[in-house]
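Observations on chain architecture
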Amino acid sequence: MSQSYYEVLGVTQSASFDDIKRAFRVKAKACHPDYHPDDPEAEKKFKEINEAYEVLKDEQKRAAYDRYGHDAFVNGMNGGNGGFGQGFGGFDFGGAGFENIFDEVFSAFGGGRRRGGPQTTRGDDLRYNLEIDLAEAYTGLKKNIQVENYVKCEKCDGQGGKNLTTCPTCNGRGHVQTRQGFFVMETECPVCHGRGKTVKDPCPDCKGTGRIRKKRTLEVNIPAGVDTGVRMRLSGEGDAAMNGGEAGDLYVFISVKEHPIFKRDGADLYCEVPVPMTTAALGGEILVPTMDGKGEKVKIKAGLQTGAQTKIKGKGMPVLRANSFGDLYVIFQVETPTNLNARQKELLQEFEQAGKNNQSACDDFLTKIKKIWQGL
Ligand SMILES: [Zn+2]
Ligand SMILES: [Zn+2]
């Protein structure tokens, strides 16, 4: 090819990707073999346009082309410039759907096309399980956690040592291309692990990895209202990357312990409160526990039954990152007295006698059962 790829597409060297794409579409259509059957000149031109576009549409290949020209893609066949161009060599550029195949192959391996230059791998994300109790979830708090993970080596500032040289295996690109049958895969360089550089004098502290394991104390700011399953991200507190890349994140997974009194459902709380039989029968007032520790006086109407509920508005849990509270549902349990003394027994017997003419739920129930028996 005597013309440069830019000339083939009729664009300048500073053309944007969109310009290149537009130019390619116009040019490719103009000399498409379908419109020019049996025209070897048009076919040749069509192949040239496709070849140019294949290089210029890819940031990485375009950069290599700008630097090395066509040589980048010819020598690459023999590994001279690090494997570039293998993807073009035997390809039939006239094929429809070519672009799609390429895109799929790239996205299937390593999350899409790489953007220029060497890549540094990111450090691992870490998980820390933190159990707190309901009172802590209610107030929110700052908590110190102990972690041991990889941090950047201070001695070499994460560089792994002195005298960095361009990796000979990938020529500083950080990745290599390998052929698998018809397709060409891009993989991380096995020697420099994507860094594009190797270290001549490895740092003695980190043995050239740029990171060391360290025990640390981190402060976690737990907001009020957290619940089991909430995870908090401590950005950059995960493992340091090998060779100075970006550190991962640390995720604190919260779980809230069961409370002996309160059951939680989102921001609402449920609480079973025992009521003395006499209070249930005569009515009165009882003190219901609340998470704020103050308690709440609740009026009891005469004749309260077990299972009756009442709602205390705003006495539930705080809603996470909102200025509001859930409600507290109180479920009453009427207590039957046990271990009665003689006087109490006497009074209750008296009570029973005095109430002989009162229609109670029990009497009602018995009447119903008798009717069923008679019906049989
Ligand atoms: Zn070091
Ligand atoms: Zn390398």
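**What about the side chain of Arg-62?**
- By the element assignment, Arg-62 lies in helix α4 (residues 59-68).
- One buried charged residue, Arg-62, forms no salt bridge at all, with the nearest opposite charge on Asp-66 at 4.4 Å.
- Dropping the residues within four chain positions of it, Arg-62 is found in contact with Tyr-6, Gln-13, Ser-14, Ala-15, Ile-20, Val-55 and Leu-56.

**Remarks on the coordination of the zinc ion (ligand 2)**
- Distances from the zinc ion (ligand 2) to its protein donors, Cys-167 (SG), Cys-170 (SG), Cys-189 (SG) and Cys-192 (SG), fall within 2.2 to 2.3 Å.
- One can describe the site at the zinc ion (ligand 2) as tetrahedral: its four donor atoms subtend angles covering 105 to 116 degrees at the metal.
- Counting the intervening residues between successive donors of the zinc ion (ligand 2) yields the motif C-x2-C-x18-C-x2-C. With Cys-170 in the loop between β3 (161-166) and β4 (175-180) and Cys-192 in the loop between β5 (183-188) and β6 (197-202), this residue pair connects regions lying 22 residues apart in the sequence.

**Notes on the sheet that holds strand β9 (residues 250-256)**
- As summarised here, the arrangement of the three strands in space is β1-β9-β8, forming an open sheet in which the pairing is mixed. Of all the strands in the sheet, just β1 (126-132) and β8 (231-234) have a single pairing partner and so form its edges. Pairs of neighbouring strands in the sheet enclose a mean axial angle of 25 degrees, with direction left out of account.
- Judged from the four bridges that link them, β8 and β9 form a sheet pairing that is antiparallel. The residue of β9 that forms the bridge with Met-232 is Val-252.

**A look at the pairing of β5**
- Relative to β5, β4 runs antiparallel, the two being bridged by six bridges. Counted as the bridge partner of Gln-180 is Phe-183 from β5.
- Where β4 folds back onto β5 in an antiparallel hairpin, the turn is made up of two residues, including Gly-181, whose phi is positive at roughly 65 degrees.

**Structural notes on the pattern of salt bridges**
- All told, the structure shown has 17 salt bridges when counted by the stated rule.
- The partner of Arg-264 in a salt bridge is Asp-227, and the shortest N-O contact between them spans 3.4 Å. Of this pair, Arg-264 sits in strand β10 (residues 262-265) while Asp-227 sits in the loop between β7 (211-222) and β8, placing them 37 residues apart in sequence.
- With a relative accessible area of 26%, Asp-227 lands in the partly exposed category.
- Salt bridges here are not isolated pairs; linked through shared partners, they connect Arg-122, Asp-125, Arg-233, Glu-246 and Asp-249.

**Examining the side chain of Arg-211**
- The topology assignment puts Arg-211 in strand β7.
- Within the buried set, Arg-211 has no salt-bridge partner at all; the shortest N-O distance to an opposite charge, 4.6 Å, is to Asp-239.
- For Arg-211, the side chain forms a polar contact with the main-chain oxygen of Ala-240, separated by 2.7 Å.

**Some words on the coordination of the zinc ion (ligand 1)**
- Within the protein, the atoms that donate to the zinc ion (ligand 1) are Cys-153 (SG), Cys-156 (SG), Cys-203 (SG) and Cys-206 (SG), at distances of 2.3 Å.
- Sequence positions of the residues that donate to the zinc ion (ligand 1) give the spacing C-x2-C-x46-C-x2-C.

**Re the packing of aromatic side chains**
- Applying the stated criterion across every chain yields a total of three aromatic pairs.
- A centroid spacing of 3.9 Å and a plane angle of 5 degrees characterise the contact between Phe-24 and Tyr-53, whose relative ring orientation is stacked. Of this pair, Phe-24 sits in helix α2 (residues 17-30) while Tyr-53 sits in helix α3 (residues 40-56), and the two are 29 residues apart along the sequence. We note that Phe-24, like Tyr-53, is buried.
- Each ring, one from Tyr-270 and one from Tyr-329, has its centre 5.0 Å from the other, and the planes form 15 degrees; the classification is stacked. Within this pair, whereas Tyr-270 is found in strand β11 (residues 268-276), its partner Tyr-329 is found in strand β15 (residues 328-335), the two being separated by 59 residues in sequence.
- On the basis of relative accessible area, Tyr-329 is assigned to the buried category, the value being 18%.
- Directly above the aromatic system of Phe-253 lies the positively charged group of Arg-127, at a separation of 3.6 Å from the ring centroid.

**Overview of the environment of Cys-31**
- Tracing the backbone through its elements, the reader meets Cys-31 in the loop between α2 and α3.
- You can call Cys-31 buried: its relative accessible area is 8%.
- On a C-alpha basis, the gap between Cys-31 and Phe-46 in space is 5.8 Å, while along the polypeptide they are 15 residues apart.
- Filtering out sequence-adjacent residues up to four positions away, Cys-31 remains in contact with His-36, Ala-42, Lys-45, Phe-46 and Ile-49.

Conventions we followed
- Counting starts from 1 at the beginning of each chain's written sequence and moves along it residue by residue.
- Chain letters start at A and ligand numbers start at 1, both assigned in the order the entries are written.
- Thresholds applied to this predicted model are a pLDDT of at least 70 for local features of residues and 80 or more for the giving and counting of side-chain atom pairs; totals over whole chains, interfaces and linings are not thresholded and use all residues.
- Hydrogens are left out, water is left out, and the side-chain values use all remaining heavy atoms of the structure.
- Helix and strand assignments follow DSSP, with helices taken as H or I runs no shorter than four residues and strands as E runs no shorter than two, numbered in order from the N terminus.
- Relative accessibility under 20% of the residue-type maximum defines a buried residue, over 50% an exposed one, and the middle range a partly exposed one, all with a 1.4 Å probe and only protein chains included.
- We treat Lys and Arg as the positive residues and Asp and Glu as the negative residues; His and chain ends play no part in the count.
- Salt bridges are counted wherever a side-chain nitrogen of Lys or Arg sits within 4 Å of a carboxyl oxygen of Asp or Glu.
- Should any heavy atoms of two residues lie within 4.5 Å, those residues are counted as being in contact.
- Only nitrogen, oxygen and sulfur atoms within 2.8 Å of the metal, or 3.2 Å for Na, K and Ca, are treated as donors, and water is left out, so sites may look incomplete.
- Working rule for geometry: tetrahedral if four donors all subtend angles between 85 and 135 degrees; square planar for four, octahedral for six, if opposite donors exceed 155 degrees and the others stay between 65 and 115; irregular in every other situation.
- One requirement defines pairing of two strands: DSSP has to find at least two bridges between them.
- Every angle, taken between N-to-C directions, lies between 0 and 180 degrees, and every axis is a line fitted to C-alpha atoms, over only the stretch in contact when it is a helix.
- Under the rule applied, a polar contact is a pair of N or O atoms within 3.5 Å (in protein, one hydrogen donor and one hydrogen acceptor; residues adjacent in sequence only if both atoms are side-chain atoms).
- When the centres of two rings from Phe, Tyr and Trp lie within 6.5 Å, Trp using its six-membered ring, the rings pair. Their planes under 30 degrees apart give stacked, over 60 give edge-to-face, and anything left gives tilted.
- Only Lys NZ and Arg CZ are tested; either one counts as a charge over a ring when it is within 6 Å of the ring centre and within 35 degrees of the ring normal.

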